[in-house]
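Overview (structure and organization)
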Amino acid sequence: STLPLYRLLCSMAVQVKAIVATVCGIGFIVVAIFAIAELQRYTPVYEDVVCKPSSTTLGNFQLSPLQVTIDVPIECVNPNPYEIDVQPGKTGRAMLGNAREEVGRVTSSKAVIPASSGDEAAVGTFLMHVNIRLSLFETIRLGQTVFQGAVPIFFDLSLRVLIEPSMMGIAPEIIDIPVEQSCGMEIQVFPSTDSGDAVCSDKGFDVLVVRSILNKTGDDSGIRPDVSEETIRTAEVARDSFCGALIGLSLLIAVPSLSWSTLHFYREKSNIVSKFKRHHEVPVDLIGKEAAEF
């Protein structure tokens, strides 16, 4: 009685192993498929993020001495399948008039540009604050410039763009891209407060063509954080290595596991069929007897 029980337990152990091998094999096939999907999702590994100043607004305004806060929303379009962090850089300068006399400071807010969804690019916005502060004597000295109507102001835009692509929960080294832009726009404080669209360039203030306050069409060129070709190639190598290793390892485990479990189940099926045939075999003499009676 002990031998049949031992055989039964051995058979059950083999059955459990076959089931575990099947589950593992299917699981690693799923991992390989997911890695292939990630490889496709991150091809290309980076596409240009384009940021454009949109309609500006005048915040706090005080006439004497002159104090003006200008909020410039920067709208960014992200076609990449991962979020992009925007961090403030160094404090910039605010300059008034074509002579570009320094009159204030420029800061920006933190923001997270969401990841794209499928073929649809994501849009996020961060704020840049231009704070103009004049003393009483500076207000008197610059009064003719300020109160004659629309006047150009120029300012530095300094940002840090942080890119941290994550594949299957694993993130490589963060890519830190400094953005330095020279921007300009027109503002008006008399007879009413108003502001035009901001335009920016990475080639300095001398090449800027400031739009008229009457022409609020936005900046067509936009700001594009410059990611070097070397950085992109390094990211592509990391992507290919990670996905290739994951696909290869998954298939290396999945194929033998599924092959062994399939062979085991086939043998078990063959054994069951053989046993069934043996137990239901009709003796030859019985067949002859039935034929004779018929």
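Residues numbered from 1 in each chain as written. Predicted model: local features only at pLDDT ≥ 70, side-chain atom pairs only at ≥ 80, totals over all residues. Heavy atoms only, no water.

Details of the overall build of the protein chain
- A count of helical and extended segments in the protein chain gives four helices and 12 strands.
- Counting over 294 residues, the protein chain shows a buried share of 36%. (Helix = DSSP H or I, 4+ residues; strand = E, 2+ residues; numbered from the N terminus. Buried < 20%, exposed > 50% of the residue type's maximum accessible area, 1.4 Å probe, protein only.)

Quick look at the environment of Val77
- Of note, Val77 is situated in strand E3 (residues 67-78).
- Judged by relative accessible area, Val77 falls into the partly exposed class, the value being 33%.
- It is 6.4 Å that separates the C-alpha atoms of Val77 and Ala121, two residues lying 44 residues apart in sequence.

Some words on the nonpolar core
- Counting 42 residues, the largest nonpolar core has Ile70, Val130, Ile132, Ile153 and Phe155 as the members making the most contacts within it.
- Contributions of two or more residues to this core are made by E3, strand E4 (84-88), strand E5 (92-96), strand E6 (101-108), strand E7 (111-113), strand E8 (122-133), strand E9 (151-163) and strand E10 (175-188).
- At seven residues, E9 tops the list of elements feeding residues into this core.
- When neighbours within four sequence positions are excluded, Ile153 is seen to be in contact with Ile70, Met95, Leu96, Val130, Ile132, Cys183, Gly184, Met185 and Ile187.
- The next biggest cluster of nonpolar side chains, apart from the first, holds five residues, and it includes Met95, Phe154, Val199 and Phe205. (Core = buried A, V, L, I, M, F, W, Y, C linked by side-chain atoms within 4.5 Å. Contact = heavy atoms within 4.5 Å.)

Re the state of the cysteines
- Applying the stated criterion to the full structure yields two disulfides.
- Each sulfur in the disulfide pair Cys51 and Cys76 lies 2.0 Å from the other. Looking along the S-S bond of the Cys51-Cys76 disulfide, the torsion reads about 110°, which is the right-handed sense. You can see Cys51 sitting in strand E1 (residues 50-53) and its partner Cys76 sitting in strand E3, a full 25 residues away along the chain. As far as the burial class goes, Cys51 and Cys76 line up, both buried. (Disulfide = S-S within 2.5 Å.)

Some words on the pairing of E5
- Counting buried residues in E5 gives four out of five residues, a clear majority hidden from the surface.
- The pairing of E5 with E6 spans five bridges and is classified as antiparallel. Residue pairing in the sheet places Arg93 in a bridge with Arg105 of E6. (Pairing = 2+ DSSP bridges.)

Things to note about the pattern of salt bridges
- Overall, the coordinates contain seven salt bridges when judged by the stated rule.
- Here Arg41 and Glu38 are joined by a salt bridge, their closest N and O atoms 2.9 Å apart. With Arg41 and Glu38 both in helix H1 (residues 2-41), this residue pair falls three residues apart, about one helical turn.
- Classification of Glu38 by relative accessible area gives buried; the value is 5%. (Salt bridge = Lys/Arg side-chain N within 4 Å of Asp/Glu carboxyl O.)

Points about the packing of aromatic side chains
- Using the criterion set out here, one finds two aromatic pairs in the structure.
- Geometrically, the ring pair formed by Tyr42 and Tyr82 is stacked, given 5.9 Å between the ring centres and 5° between the ring planes. Of this pair, Tyr42 sits in the loop between H1 and E1 while Tyr82 sits in the loop between E3 and E4; the two residues are 40 residues apart in sequence, bridging distant segments of the chain.
- Tyr42 gets classed as buried once you look at its relative accessible area, which sits at 2%. (Phe/Tyr/Trp six-rings, centres within 6.5 Å; stacked < 30°, edge-to-face > 60°.)

Notes on the pairing of E10
- Summarising burial for E10: 10 of the 14 residues are buried, a large majority.
- Judged from the two bridges that link them, E10 and strand E11 (residues 194-195) form a sheet pairing that is antiparallel. Bridging from a neighbouring strand, Ile187 pairs with Ser195 of E11.

A closer look at the environment of Met185
- By the element assignment, Met185 lies in strand E10.
- Taking the relative accessible area as the measure of exposure, Met185 reaches 0% and is therefore buried.

Some details on the confidence of the model for the protein chain
- With 74% of its residues at a pLDDT of 70 or more, the protein chain has an overall mean of 77.
- The least confident element of the protein chain, judged by mean pLDDT, is helix H4 (residues 284-293) at 49; the most confident is E7 at 90. (pLDDT = per-residue confidence, 0-100.)

Section: empty space enclosed by the protein
- For the structure shown, the criterion picks out three cavities of 30 Å³ or more.
- One number sums up the size of the largest cavity: a volume of about 70 Å³.
- Val45, Tyr46, Tyr82, Ile163, Pro165, Ile175, Val227, Thr231, Ile232 and Ala235 together form the lining of the largest cavity.
- With three residues, helix H3 (residues 229-279) is the single largest residue contributor to the lining of the largest cavity.
- Grouping the amino acids of the lining of the largest cavity by side-chain chemistry returns nine nonpolar, one polar and no charged.
- Roughly 40 Å³ of internal volume is contained in the second largest cavity.
- Lining the second largest cavity we find Cys51, Val86, Phe126, Leu159, Val161, Val179, Ile223 and Pro225. (1 Å grid on protein atoms, 1.4 Å probe; cavity = no way out; pocket = protein on both sides within 12 Å on 5 of 7 lines; lining within 4 Å. Points joined across faces, edges and corners; volume = space filled by probe spheres on them. Nonpolar A, V, L, I, M, F, W, Y, C, P; charged D, E, K, R; others polar.)

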